[in-house]
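Structural features, examined
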There are 2 protein chains.
Amino acid sequence: MTAGVSVKKALFEQFARVAKALGHANRLELLEFLAQGERSVEVLAGLAGLSVANASQHLRHLLRVGLVRSRKDGQYVHYALADESVVALLGALRGVAETTLAEIDRLVDTYLKAKDALEPLSPDELLSRSRQGLVTVLDVRPPEEYRAGHLAGAVNIPLADLKRRVGELTSDQEVIAYCRGPYCVLAYDAVAVLRAKGIAARRLDGGLPEWRIAGLPVEQNAKAAS
Amino acid sequence: MTAGVSVKKALFEQFARVAKALGHANRLELLEFLAQGERSVEVLAGLAGLSVANASQHLRHLLRVGLVRSRKDGQYVHYALADESVVALLGALRGVAETTLAEIDRLVDTYLKAKDALEPLSPDELLSRSRQGLVTVLDVRPPEEYRAGHLAGAVNIPLADLKRRVGELTSDQEVIAYCRGPYCVLAYDAVAVLRAKGIAARRLDGGLPEWRIAGLPVEQNAKAAS
DNA sequence: TTATTAATCAATTGATTGATTGAATAATTA
DNA sequence: TAATTATTCAATCAATCAATTGATTAATAA
């Protein structure tokens, strides 16, 4: 019982190590990118706008506390989330921040514009509708991200090309657009573009990691699945 | 889109603030106590073994990031978790730490002794069994914690008194013991004591906050529910 | 072998954090 | 009114953290 106190303390210190590792915007952003799939240090540094050395340090920090794992392939080191439970943790963190910080609401509103006007579709709904062939799933991310992993059957038209290539979409089906996750504007913008062209469109709720967990099929057009 | 970058950054910074607030063993311990119910600064300081000034500072920190709320009642300030989502976040943090840190396993083993020998009962199972009157629910925490909130119908026999008062329990029903949460040894010890006396006993999985969310009825013998 | 590239390491700097101390509020009681 | 109690504030100091820089380790290509 007396010894129990220090063990309890040690337990909380371990938990705190994990939480502390989450306590930096850059590391959270890196984790968000990793939630979409394995990435190399250089790619991650580019995505997050960090120097390679800095990104490397943050990644090693995440590695030390067990939030990510790494795999060496030639001269590349690929990082990935350690576990699905990390996605759950990031979701829970978002959940708390959204319900308790008014600041978040303000930012989300600014960032995502007419948020409420675009009621999103849940992964479950998407699953049943796409089984019936009722919807076209549209991935508006850049091709390289699409290749690294996307929803099965999704069409890839990057947002920049959407206006030009809108003819490729059949206008008699509702289009469900998605990009990187809940705070990615691309999908919002795509829905706006499509609606302006008279095509029924909605955004898919959540992000790739959540959909994977929810059971939506994910596929890859790997360049070299080494 | 260019402005989007800084908003995105700001969003991650808000999330990081929350995570950072979780990144200290003392604050996590305070949150664990708060998950059981509202407590005053002095009580929390005592429970966590901190000076009042130090506990106050940690609590104000948690308040600033929205993880707890406070209520002034006379000269006392009572703190409580801001929201149920905080319980979920703490659970997710535990989940990640348990699956990714080997160190945790070692500590839990040391702390909770023959952990696996005592398969716990889930809240759902408890609910159906107690409806049928099949089990006796035993709260082994000190009376003051019991009074502050306990499972409806639970009998309170603090662990220290259990050997002496074991006669108060009917030996023809299985006893389900609980204390403060998943890392509280009292319930483990109680199960050991009861089994030694020939009484079928198991531990209840999780902790009071989780049971509340799972729908188990919680009641209070308030001293003065002001 | 010698470049080149990807990633990490080591050292430095400035900034932030946590515990302690003593003083200051603010509500209650004598 | 003065004393007591619960809490918070303000200042301090040691410890830790994050970004930068330049050097170093591996793997690959010329």
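Per chain, residue numbering runs from 1 following the sequence as it is written. Note on labels: chains are lettered from A, ligands numbered from 1, in written order. Owing to the predicted nature of the model, reporting of local features is limited to residues with pLDDT of at least 70; listing and counting of side-chain atom pairs is limited to 80 or more, with chain, interface and lining totals taken over all residues.

Here the focus is the overall build of chain A. Check the secondary structure of chain A and you find 11 helices and nine strands. Three exposure classes are used, based on other C-beta atoms lying within 10 Å of a residue's own C-beta, which is placed from the backbone: buried for 20 or more, exposed for 12 or fewer, and partly exposed in between. Across the 226 residues in chain A, those meeting the buried criterion constitute 41%. Taking the contacts inside chain A whose residues are at least 6 apart along the sequence as the reference set, 62% of them involve residues at least 24 apart. Here a strand is any run of E in DSSP of at least two residues, a helix any run of H or I of at least four, and the numbering for each starts at the N terminus. Our contact criterion uses C-beta atoms placed from the backbone: two residues qualify when those atoms are within 7 Å.

In the vicinity of DNA strand D there are 20 residues, among which Gly 74 of chain A together with Ser 40, Val 41, Glu 42 and Ser 56 of chain B approach most closely. Within the residue set of the surface near DNA strand D, elements represented by two or more residues are helix 4 (52–64) of chain A together with helix 3 (41–48), helix 4 (52–64) and strand 3 (76–81) of chain B. Considering each element in turn, the surface near DNA strand D owes the most residues, five residues, to helix 4 of chain B. Throughout, the ten residues Ala, Val, Leu, Ile, Met, Phe, Trp, Tyr, Cys and Pro are labelled nonpolar, Asp, Glu, Lys and Arg are labelled charged, and all others, Gly among them, are labelled polar. Among the residues forming the surface near DNA strand D, the class breakdown is seven nonpolar, 11 polar and two charged. The criterion for a residue being near a molecule or strand is a backbone-placed C-beta atom within 6 Å of that molecule or strand.

Once that is clear, we can look at the nonpolar core. In terms of nonpolar packing, the biggest core is built from 130 residues, with Leu 93 and Ala 177 of chain A together with Leu 93 and Ala 177 of chain B touching the most fellow members. Beyond its immediate chain neighbours, meaning those up to four positions away, Leu 93 of chain B contacts Phe 15, Val 18, Ala 19 and Leu 89 of chain A together with Leu 22 of chain B. For this analysis, nonpolar core means a set of buried Ala, Val, Leu, Ile, Met, Phe, Trp, Tyr and Cys residues linked through C-beta atoms within 7 Å.

This part is about the sheet that holds strand 8 (residues 201–203) of chain A. Residues and elements named next belong to chain A. The strand order 6-4-7-8 describes an open sheet built from four strands, whose pairing is parallel. What marks the edges here is a single partner per strand, and that holds for strand 6 (155–156) and strand 8. The pairing of strand 4 (residues 135–139) with strand 6 spans two bridges and is classified as parallel. When the bridges of strand 6 are listed, Asp 139 appears paired with Asn 156. Note on pairing: DSSP must find at least two bridges between two strands before they are called paired.

Taken together, 21 residues lie around DNA strand C, and Ser 40, Val 41, Glu 42 and Ser 56 of chain A together with Gly 74 of chain B are the ones closest in. Among the elements of the structure, helix 3 (41–48), helix 4 and strand 3 (76–81) of chain A together with helix 4 of chain B are those that each provide at least two residues to the surface near DNA strand C. No other element matches the five residues that helix 4 of chain A contributes to the surface near DNA strand C. Residue classes in the surface near DNA strand C are distributed as seven nonpolar, 11 polar and three charged.

What follows is about helix 4 of chain A. Residues and elements named next belong to chain A. To estimate the expected span of a helix, count its residues, drop one, and scale the result by 1.5 Å. Taking 1.5 Å per residue as the helical rise, helix 4 with its 13 residues ought to reach 18 Å, and the 18 Å between its terminal C-alpha atoms agrees with that figure. Residues of helix 4 that are buried: Ala 55, His 58, Leu 59 and Leu 62. For helix 4, the angular spread of buried residues about the axis comes to 100°, placing them on one side. Structural note: helix 4 exposes Ala 53 and Arg 64 on the side pointing more than 90 degrees away from its buried face. Positive phi appears at Gly 66, one or two residues downstream of helix 4, with a value of about 85°. Taken from the helix axis, the directions to the C-beta atoms give the arc we talk about.

The interface is formed by 44 residues belonging to chain B together with 44 residues belonging to chain A. Breaking the side of chain B that touches chain A down by element, the ones donating at least two residues are helix 1 (2–22), helix 2 (25–34), helix 5 (84–100) and helix 6 (102–112) of chain B. Ranked by residues supplied to the side of chain B that touches chain A, first place goes to helix 1 of chain B with 15 residues. When the residues that make up the side of chain B that touches chain A are grouped by side-chain class, the tally is 26 nonpolar, 10 polar and eight charged.

Residues and elements named next belong to chain B. Mapping Pro 120 onto the fold places it in the loop between helix 6 and helix 7 (123–131). Residue class for Pro 120 comes out buried when judged on the 20 C-beta atoms lying within 10 Å of it. In sequence terms Pro 120 and Ala 177 are 57 residues apart; their C-alpha atoms lie 9.5 Å from each other. For Pro 120, the contacting residues outside a window of four places in its chain are Arg 202, Arg 203, Leu 204 and Asp 205.

Moving on to the relation of the copies chain B and chain A. What sets the superposition is a least-squares fit of C-alpha atoms, and only residues with pLDDT of at least 70 in both copies go into it. If you rotate chain B by 180° and push it 0.0 Å along the axis, it lands on chain A with an RMSD of 0.1 Å. Such a combination of turn and shift is consistent with a two-fold rotation axis. A shared interface surface links the copies, since 100% of the contact residues of chain B are contact residues in chain A too.

Moving on, we come to the pairing of strand 2 (residues 68–73) of chain B. Pairing between strand 2 of chain B and strand 3 of chain B: six bridges, direction antiparallel. Bridged to Ser 70 of chain B within strand 3 of chain B is Tyr 79 of chain B.

This paragraph deals with the confidence of the model for chain A. In low-pLDDT regions, the fine details of the predicted coordinates are not to be read closely. Note on scores: pLDDT gives the predictor's confidence for each residue, bounded by 0 and 100. Of all residues in chain A, 92% have pLDDT values of 70 or greater, and the mean over the chain is 85. Mean pLDDT per element in chain A: helix 6 (residues 102–112) of chain A is the minimum at 74, and helix 4 of chain A is the maximum at 97.

As a further point, take the sheet that holds strand 2 of chain B. Spatially, 1-3-2 (chain B) is the arrangement adopted by the three strands of the open sheet, whose pairing is antiparallel. One side of each edge strand has no neighbouring strand; the edge strands of this open sheet are strand 1 (39–40) and strand 2 of chain B.

This brings us to the pairing of strand 7 (residues 174–178) of chain A. Regular strands have side chains that alternate between both faces of the sheet. All names here are of chain A. With four of its five residues buried, strand 7 lies for the most part within the structure. Across five bridges, the pairing between strand 4 and strand 7 is parallel. Across the sheet, the residue bridging to Leu 138 is Ala 177, located in strand 7.

Further remarks concern helix 2 (residues 25–34) of chain A. The element helix 2 of chain A is extensively covered by neighbouring structure, given that eight of its 10 residues are classed as buried. If you check which residues of helix 2 of chain A are buried, you get Ala 25, Arg 27, Leu 28, Glu 29, Leu 30, Leu 31, Glu 32 and Leu 34 of chain A.

Turning our attention to the packing of helix 2 of chain B against helix 3 of chain B. Residues and elements named next belong to chain B. Orientation of helix 2 relative to helix 3, taken along the N-to-C sense of each, is 120°, at an axis distance of 10 Å. Helix 2 and helix 3 meet at a crossing whose hand is right-handed. On helix 3, the residues touching Asn 26, Glu 29, Leu 30 and Phe 33 of helix 2 are Leu 44, Leu 47 and Ala 48. For the contact of helix 2 with helix 3, the class distribution of residues is five nonpolar, one polar and one charged. Lines fitted to the C-alpha atoms define the axes, with helices restricted to the stretch that makes contact. Angles between their N-to-C directions range from 0 to 180 degrees. In this scheme the crossing of two helices becomes right-handed for a clockwise turn of the near helix relative to the far one and left-handed for an anticlockwise turn of less than a right angle.

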